[in-house]
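The residues making up each chain are set out below.
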Amino acid sequence: MAAAAGAAAAPAPVNLRLGDLVWGKLGRYPPWPGKIVNPPKDLKKPRGKKCFFVKFFGTEDHAWIKVEQLKPYHAHKEDMIKINKGKRFQQAVDAVEEFLKKAKGKDQASHNSTEEKNRQNSSEERGKSAGEEKRKAGLSEGKPKKRVSSVSSERGSKSPLKRTYEQSPRKRGRPPKDEKDLTIPESSTVKRMMTGTVAGFKWPPSVSEPAVCYQAISKKLKVCEEETGSTSIQAADSTAINGSITPTDKKLDKEFDPLAEAFPDPQPGVATNRIGFLGLGLMGSGIVSNLLKMGHTVTVWNRTAEKCDLFIQEGARLGRTPAEVVSTCDITFACVSDPKAAKDLVLGPSGVLQGIRPGKCYVDMSTVDADTVTELAQVIVSRGGRFLEAPVSGNQQLSNDGMLVILAAGDRGLYEDCSSCFQAMGKTSFFLGEVGNAAKMMLIVNMVQGSFMATIAEGLTLAQVTGQSQQTLLDILNQGQLASIFLDQKCQNILQGNFKPDFYLKYIQKDLRLAIALGDSVNHPTPMAAAANEVYKRAKALDQSDNDMSAVYRAYIH
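Residues numbered from 1 in each chain as written. Predicted model: local features only at pLDDT ≥ 70, side-chain atom pairs only at ≥ 80, totals over all residues. Heavy atoms only, no water.

Applicable threshold: UniProt positions are given in the numbering used here, feature names are shortened, and annotations may be inferred rather than shown by experiment.
You'll find the protein chain entered in an unreviewed UniProt entry as Cytokine-like nuclear factor N-PAC, with Eublepharis macularius given as the organism. What UniProt records for the protein chain under Sequence similarities (unreviewed entry) is the sentence "Belongs to the HIBADH-related family. NP60 subfamily."

Listed below in structure tokens is the structure:
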């Protein structure tokens, strides 16, 4: 009986068709407004349950979505707006409304144009009719009626007046061929559901979901001279089908896609590039997962080969050496620990340099000093390769979530060629000019972060030794101007004694050391960074190197 009741309560199936506006639900991501469009001709429809190809508003994303994960836009608009309040979500809804407004405006303009032509035709017809009557009257005065009848009958069959009436229905009923009707077709099911209730509406659970929830958001490249807002709301992924990977090249059939003008395709051919990735540490692992999720063909290599196994299962290819990866890929990314590792990767046996040929692209995402990255750029370019430095600001969680901040410098054309990859791994990116600038900026950013972390630890220990509550201190800080996710997370690590690495302590100390050296190279004092560096060095001496940077706290209590 219970089963029967449940079946009775299940929502009636929704009939959708090409052109319908919908809410698409993808895995754990929130519902997002989109439109059912024709898929690229070379993209096969997935096997199994019925699904539609959806292009999402406010993003450049599109995906095959199972029919049970789609709901009509108009019928559920109010519900979705109530549960999603983010800025990016609101922008997507605004894009839908703008699309509807433009479509309605074009349709109205087409209708008005047709009516105007009809009025003109009608006026011309009345004028011709009056002239014809006068002509007939003139004939009837001077000639016999039989003659008039004959003439009238003979001429009437071929008269312009009659021909005009024969053509006029086509003018009244249809717009000219060069005018396209952009009115969005709305199925009868949508119209029926708009009058029904959606109070008990629930999304059915996905059949399969990825082990880790990665956010894939709409991102834009950001040049240092421009002012653009960063994004922070999840959007539907462009290539996943409720957790499974379906590579696409994001080229939609524009003939049937009125959205193409408002939301242009990304750079042609970018998604078809063969991508290589060297180094599967805390940052590299999340980056590769997101590249795979976005449909890129990725070949991976890591010094410890076992780390590649998980990614091979997700669809990556295995490279035996860095040279092999570079030689078989169009763009190869690398993310390793320090300057020595970066140099060994390029210049060592079976290294990157041996695989470089004219046109091959190499992007170093490691945080190193400007001298190291300049040296690597020179040797890559000397072999005809293209070079870009692109260190990333963030931690393991942000890497997993595809929310890194990318600082790039070097080959501007290569930076643009990497746009789809940067969209997969980060929320925004900056182009900073010539090689070396990104390395310097990255060291300054991490110098600030490392010094701040040491100050947090110092404040918490001072609170403890003076009899103050560390939790109360955190609560106060979280209510003030210093409130941030970073502050809260690192304080929670300390209060809970959980120092599982999200950003290795040994690497933040390395970055402080390199930042101090950068200051020395231009005779600029860095006393705060120098003091913080000494505290991290003490923490390393206490065997905290492989813990999270928040473990610097232990340098104060021992």
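**Re the nonpolar core**
Keep this limit in mind: What we call a nonpolar core is a set of buried Ala, Val, Leu, Ile, Met, Phe, Trp, Tyr and Cys residues that are connected through their side-chain atoms within 4.5 Å. A simple rule labels every residue: compare its accessible area, found with a 1.4 Å probe on the protein chains alone, to the largest value its type can have, and call it buried under 20%, exposed over 50%, or partly exposed in between. Helix and strand labels come from DSSP, where a helix needs a run of H or I of at least four residues and a strand needs a run of E of at least two; each type is numbered from the N terminus. Every residue pair with non-hydrogen atoms within 4.5 Å of one another is taken to be in contact.
Of all hydrophobic cores here, the largest spans 34 residues; its most connected members are Phe 277, Phe 333 and Met 365. The set of elements that each furnish at least two residues to this core consists of β9 (274–278), α7 (282–293), β10 (297–301), β12 (331–334), β13 (361–364), β16 (404–410), α14 (412–417) and α15 (419–425). Broken down by element, this core gets its largest block of residues, five residues, from α7. Setting aside anything within four residues of it in sequence, one finds Phe 333 in contact with Ile 275, Gly 276, Phe 277, Leu 278, Val 363, Met 365, Cys 418, Cys 421, Phe 422 and Met 425. Membership of the second largest hydrophobic core comes to 30 residues, among which are Ala 457, Val 535, Ala 551 and Tyr 553.

**Notes on the pattern of salt bridges**
Definition in use: Take a side-chain nitrogen of Lys or Arg and a carboxyl oxygen of Asp or Glu: if they are within 4 Å of each other, that pair is a salt bridge.
Applying the stated rule across the entire model yields twelve salt bridges. Asp 330 is the partner of Arg 274 in a salt bridge, and the nearest nitrogen-oxygen pair spans 3.2 Å. On the criterion of sequence distance, the pair formed by Arg 274 in strand β9 and Asp 330 in the loop between α9 (322–328) and β12 is long-range, its members being 56 residues apart. Relative accessible area serves as the criterion here: at 37%, Arg 274 is assigned to the partly exposed category. With a closest N to O distance of 3.2 Å, Asp 417 and Arg 386 form a salt bridge. Remark: Arg 386 occurs in strand β14 (residues 386–389) and Asp 417 occurs in helix α14; sequence separation between them is 31 residues. Three or more residues are tied together by salt bridges with common partners; here these are Arg 386, Asp 411 and Asp 417.

**Comments concerning the packing of helix α19 (residues 505–521) against helix α20 (residues 527–541)**
Threshold: Lines fitted to C-alpha atoms define the axes, with helix axes restricted to the stretch in contact, and inter-axis angles between N-to-C directions lie between 0 and 180 degrees. The crossing is said to be left-handed when, going from far helix to near helix, the turn is anticlockwise and less than a right angle, and right-handed when the turn is clockwise. As a working rule, the residues Ala, Val, Leu, Ile, Met, Phe, Trp, Tyr, Cys and Pro are called nonpolar, Asp, Glu, Lys and Arg charged, and the rest polar, with Gly in that last group.
Here α19 crosses α20 at 145 degrees, and the two axes come no closer than 9 Å. By crossing handedness, the relation of α19 to α20 is classed as left-handed. Contacts between α19 and α20 involve Leu 505, Ile 508, Gln 509, Leu 512, Arg 513 and Ile 516 from the first element and Ala 529, Ala 530, Ala 532, Asn 533, Tyr 536, Lys 537, Ala 539 and Lys 540 from the second. The residue makeup of the contact of α19 with α20, split by class, is nine nonpolar, two polar and three charged.

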